[in-house]
Amino acid sequence: MIKRLGTLMLGLSVSLFAQIDKQELNNMKVDALLVKDMTSKRVLYSKEPFKELHPASLTKVMTVLLAIEHGKLSQPVTITREMTKVEPTIAGYKRGDVIVLEDLIKAAMIKSDNDAAKAIAITIGGSEEHFIEMMNAKAKKIGMNHTHFMNPCGYDDKKHYSTPQDLLKLTEYAIKNRKFNDISRINEYTYYSLDKHRKFVAYTHNRLLNRYQYAIGVKTGYTAKAGACLIARAKKDGKDCVIVMMNAKGDRWKSAKNIFEQVLNS
């Protein structure tokens, strides 16, 4: 009787947790990968979780989070010449444009516009340099012990790095914020400058939002050195999963969807 009860309990304990094909993930061409079942709080798969890598625009999760926490979302921001001195991807602001802070946040998060991210940094921090100090202080506060930021956009720099484990910590912190969650799942957003009524459209780079019905964010990134990066989240029937992927050399969208299917349908 006791033996039968033990077998039953083991079966129940296994069924409570999401399952994943670790061998399949081992064969993925990716520098680092973390998969966490947010429902059970279990890390289902881990590859190089503490490897320090370029995070590309995954950086902007921190940028927009600080803007949400420290800024007044309805605040008008006058674009300066310094804010426009960025490399693509850009919204295309011109000096003198007046953009609402919340629109800058959405532009930085949805389309990953670097002029929006820099405008946020200067507005919230008073200067880009001080904002970077805020980024690093926040990282330390939430336990990102293997992360250092050098810019608010995610440009490659040998001193600008993070790890999958740290980015998971950042994501877990960020998704507690309702405004952040609402923005991270937007496919397309149209907004206008307050002064000249110039039209801007932000289209998401996160193809999962268009291809996978259970996807609900979070952020994409890419640079030549960082490669294809992704923080993705999906929910189905009470199950919740987050993936952190850095320098994926294959199809990150297909890989992420496959992982989600395993976790959410197990």
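Asker: Lay out empty space enclosed by the protein with the relevant residues and their values.
Answerer: If you walk through the whole model with that rule in mind, you get one cavity of 30 Å³ or more. When its volume is computed, the largest cavity comes out at roughly 70 Å³. Lining the largest cavity we find Met-109, Ile-110, Ile-183, Ser-184, Ile-186, Thr-204, His-205, Asn-206, Leu-209, Val-218, Lys-219 and Thr-220. Mapped onto the lining of the largest cavity, the elements with two or more residues apiece are helix H5 (101-111), helix H9 (178-184) and strand E7 (215-223). Residues belonging to the lining of the largest cavity are distributed by class as follows: six nonpolar, five polar and one charged.

Asker: Explain the packing of aromatic side chains to me, and be specific about the residues and the numbers.
Answerer: Enumeration over the complete set of coordinates arrives at five aromatic pairs. With a centroid separation of 5.7 Å and an interplanar angle of 20 degrees, the aromatic rings of Tyr-189 and Tyr-191 are classed as stacked. Relative accessible area serves as the criterion here: at 2%, Tyr-191 is assigned to the buried category. Relative to Tyr-214, the ring of Tyr-212 has its centre 5.5 Å away and its plane inclined at 75 degrees; by these criteria the two rings are edge-to-face. Exposure remark for Tyr-212: the relative accessible area of 4% places this residue in the buried category.

Conventions used here
- Residues numbered from 1 in each chain as written.
- Predicted model: local features only at pLDDT ≥ 70, side-chain atom pairs only at ≥ 80, totals over all residues.
- Heavy atoms only, no water.
- 1 Å grid on protein atoms, 1.4 Å probe; cavity = no way out; pocket = protein on both sides within 12 Å on 5 of 7 lines; lining within 4 Å.
- Points joined across faces, edges and corners; volume = space filled by probe spheres on them.
- Helix = DSSP H or I, 4+ residues; strand = E, 2+ residues; numbered from the N terminus.
- Nonpolar A, V, L, I, M, F, W, Y, C, P; charged D, E, K, R; others polar.
- Phe/Tyr/Trp six-rings, centres within 6.5 Å; stacked < 30°, edge-to-face > 60°.
- Buried < 20%, exposed > 50% of the residue type's maximum accessible area, 1.4 Å probe, protein only.

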